[in-house]
Amino acid sequence: MSVLVVGASGAVGGAVAEGLLEQQVEVRATSRSPEKLALPASVQTFAADLDDPTSFADALVGVDRVFLYADLSAPTPLVATLAAAHVRHIVVLSSSAVTQPAAAEDFNGARFLRVERAVKDSGLAYTFLRPGGFASNAARWSWSITRDGDVPLPYPEAVQAPIHEKDIADVAVIALTSDALIGQSPSLSGPERLTLRQQVETIGDVIGRTLSVTELTEAESAAMLSRHVPEVWVRQIIKDWRDAVGATPPLSDEYTRITGKPSRTFRRWVEDHKGLFQGEDSRRRR
Ligand SMILES: NC(=O)c1ccc[n+]([C@@H]2O[C@H](COP(=O)([O-])OP(=O)(O)OC[C@H]3O[C@@H](n4cnc5c(N)ncnc54)[C@H](OP(=O)(O)O)[C@@H]3O)[C@@H](O)[C@H]2O)c1
């Protein structure tokens, strides 16, 4: 059995490749820049771009199952390429955004729904992983924490249930090494609800530094975010924070049901990545 991990350079994709290798599974891996992949020599790596299905021809030889990021604008041609290569099971990193009311009208919900629909319509076996907000979103604060000991935010009381990328990867590995999750779409979350302010406090606690939060207006926050993030994402991130003030995001027990283990906490994520907030080179964070 051979598994192709698309996006093995990513936080989740990298952890999926690692988890599969621990299970002695034959792994093939892609990136748009495969030279940046740091994987054992046993892993065959390929250059492939989700927006160019033909670029997957070599990577797909002999592959049974594929782990797929949903970052593609036109999923149908890619899914047809996977089917033509006799892939039998696709595990998609989707999002809990698809479960929100009016997901189809939401920018984020709609793009994941498009991919899920294309995979379902293909008739191939599928598993859709639907995580909520990632703990790794806090990595965006590393620069201001390292420099100023401060996190500027428009909605510090926004509530999330941040999930560790390794929890998502653990479920992906089970999906990719058995038929247990075929046809399932587990919603995944972290084990606890935390405001953004509590997340900043947790980071301070782990690195042994008192951190502050500076409250920004939406306009100030948008100006800051747009230096690093495309406009459409700036609007989405701010909308998500605004909507999350006073919210009670669902806490899923799917991770424990599937793996038999407790979910990793946000504190655990910070401990695993604390170098990020202590001035280590962010490129070494994974
Ligand atoms: N952040 C959240 O709270 C959240 C919540 C739910 C779902 N998600 C989804 O989770 C994903 C992010 O996961 P992550 O943190 O693991 O991401 P990440 O570390 O930023 O890595 C993204 C991966 O996607 C690959 N990729 C992106 N566009 C590609 C393309 N056109 N062709 C081939 N590969 C491509 C990248 O590969 P190369 O650059 O090496 O080619 C990279 O390996 C996104 O799809 C996001 O929408 C995020």
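Here, every reference points to the structure presented above.
What counts, and at which threshold
Here the residue numbers are simple positions, counted from 1 along each chain's written sequence. Residues qualify for local features only when their pLDDT is at least 70, as the model is predicted, and side-chain atom pairs are given and counted only at 80 or more; totals for whole chains, interfaces and linings, by contrast, use all residues. Side-chain numbers come from the whole structure's heavy atoms, not from hydrogens or water. Take a side-chain nitrogen of Lys or Arg and a carboxyl oxygen of Asp or Glu: if they are within 4 Å of each other, that pair is a salt bridge. The numbering of helices and of strands both runs from the N terminus, where a helix is a DSSP run of H or I of at least 4 residues and a strand a run of E of at least 2. Exposed residues in this analysis have more than 50% of their type's maximum accessible area, buried residues have under 20%, and partly exposed residues fall in between, with area computed by a 1.4 Å probe over protein chains only. Two strands qualify as a pair provided DSSP detects at least 2 bridges between them. Contacts: residue pairs with any heavy atoms within 4.5 Å of one another. Lines fitted to C-alpha atoms define the axes, with helix axes restricted to the stretch in contact, and inter-axis angles between N-to-C directions lie between 0 and 180 degrees. When at least one non-hydrogen atom of a residue lies within 4 Å of a molecule or strand, that residue is treated as near it. Here a polar contact means two N or O atoms within 3.5 Å. Within protein one must be a hydrogen donor candidate and the other an acceptor candidate, and residues neighboring in sequence count only if both atoms are side-chain atoms. Accessible surface area values rest on a Shrake-Rupley calculation with a 1.4 Å probe, where residue burial reflects the displayed protein chains alone. Residue classes follow a fixed rule: Ala, Val, Leu, Ile, Met, Phe, Trp, Tyr, Cys and Pro count as nonpolar, while Asp, Glu, Lys and Arg count as charged, and any other residue, Gly among them, counts as polar. Buried Ala, Val, Leu, Ile, Met, Phe, Trp, Tyr and Cys residues that are joined via side-chain atoms within 4.5 Å together make up what is termed a nonpolar core.

Peer 1: Just checking my understanding: could you explain the pattern of salt bridges for this structure?
Peer 2: If the charged atoms of two oppositely charged side chains come close together, the side chains can form a pair. Applying the stated rule across the entire model yields 15 salt bridges. The residue Glu116 makes a salt bridge to Arg130 at a minimum N-O spacing of 2.6 Å. Of this pair, Glu116 sits in helix α3 (residues 107–122) while Arg130 sits in strand β6 (residues 125–131), and the two are 14 residues apart along the sequence. Exposure class is identical for Glu116 and Arg130. Each is buried. Here the salt bridges do not stand alone but share partners, grouping Asp167, Asp170, Lys261 and Arg264 into one network.

Peer 1: What exactly am I supposed to notice about the sheet that holds β6 here?
Peer 2: Backbone-to-backbone hydrogen bonds join strands into a sheet, with any given pair of strands oriented parallel or antiparallel. Taken together, the 7 strands give an open sheet; going across it, the order is β3-β2-β1-β4-β5-β6-β9, and neighbouring strands pair in parallel fashion. The strands lining the two open edges of the sheet, one partner per strand, are β3 (44–47) and β9 (187–188). The sheet contact formed by strand β1 (residues 2–6) and strand β4 (residues 65–69) spans 3 bridges and is parallel. Along β4, the bridge assignment pairs Val5 with Phe67. Strands β1, β2 (26–31), β4 and β5 (89–93) of the sheet are contacted by helix α1 (residues 11–22), whose axis makes an angle of about 160 degrees with β4.

Peer 1: What is the right way to look at the site of the ligand in this model?
Peer 2: In the vicinity of the ligand lie 25 residues, with Ser9, Ser31, Arg32, Tyr69 and Arg111 positioned nearest. At 2.5 Å, a side-chain N or O of Ser31 approaches an oxygen atom of the ligand. Within the side chain of Asp49, an N or O atom sits 3.1 Å from a nitrogen atom of the ligand. For the ligand, whose accessible area on its own is 930 Å², the fraction buried by protein is 81%. Among the residues forming the shell around the ligand, the class breakdown is 9 nonpolar, 9 polar and 7 charged.

Peer 1: Would you explain the environment of Arg242 in this entry?
Peer 2: As for its position among the elements, Arg242 is in helix α8 (residues 231–244). Judged by its relative accessible area of 38%, Arg242 is partly exposed. Counting along the chain gives 113 residues from Arg242 to Leu129, while the straight-line C-alpha distance between them is 25 Å. With residues near it in sequence (within four places) discarded, Arg242 still touches Tyr155 and Glu218.

Peer 1: Can you walk me through the nonpolar core in this structure?
Peer 2: Proteins that are soluble and globular tend to have nonpolar side chains buried together. Of all hydrophobic cores here, the largest spans 59 residues; its most connected members are Val5, Val16, Leu20, Val66, Phe67 and Ile90. At 7 residues, the largest contribution of residues to this core is made by helix α5 (residues 165–177). Leaving out residues up to four positions away in the same chain, Val66 has contacts with Leu4, Val6, Leu60, Leu82, Val87, His89, Ile90, Val91 and Leu176. Grouped together as the second largest cluster of nonpolar side chains are 27 residues, Trp141, Leu153, Leu211 and Ala244 included.

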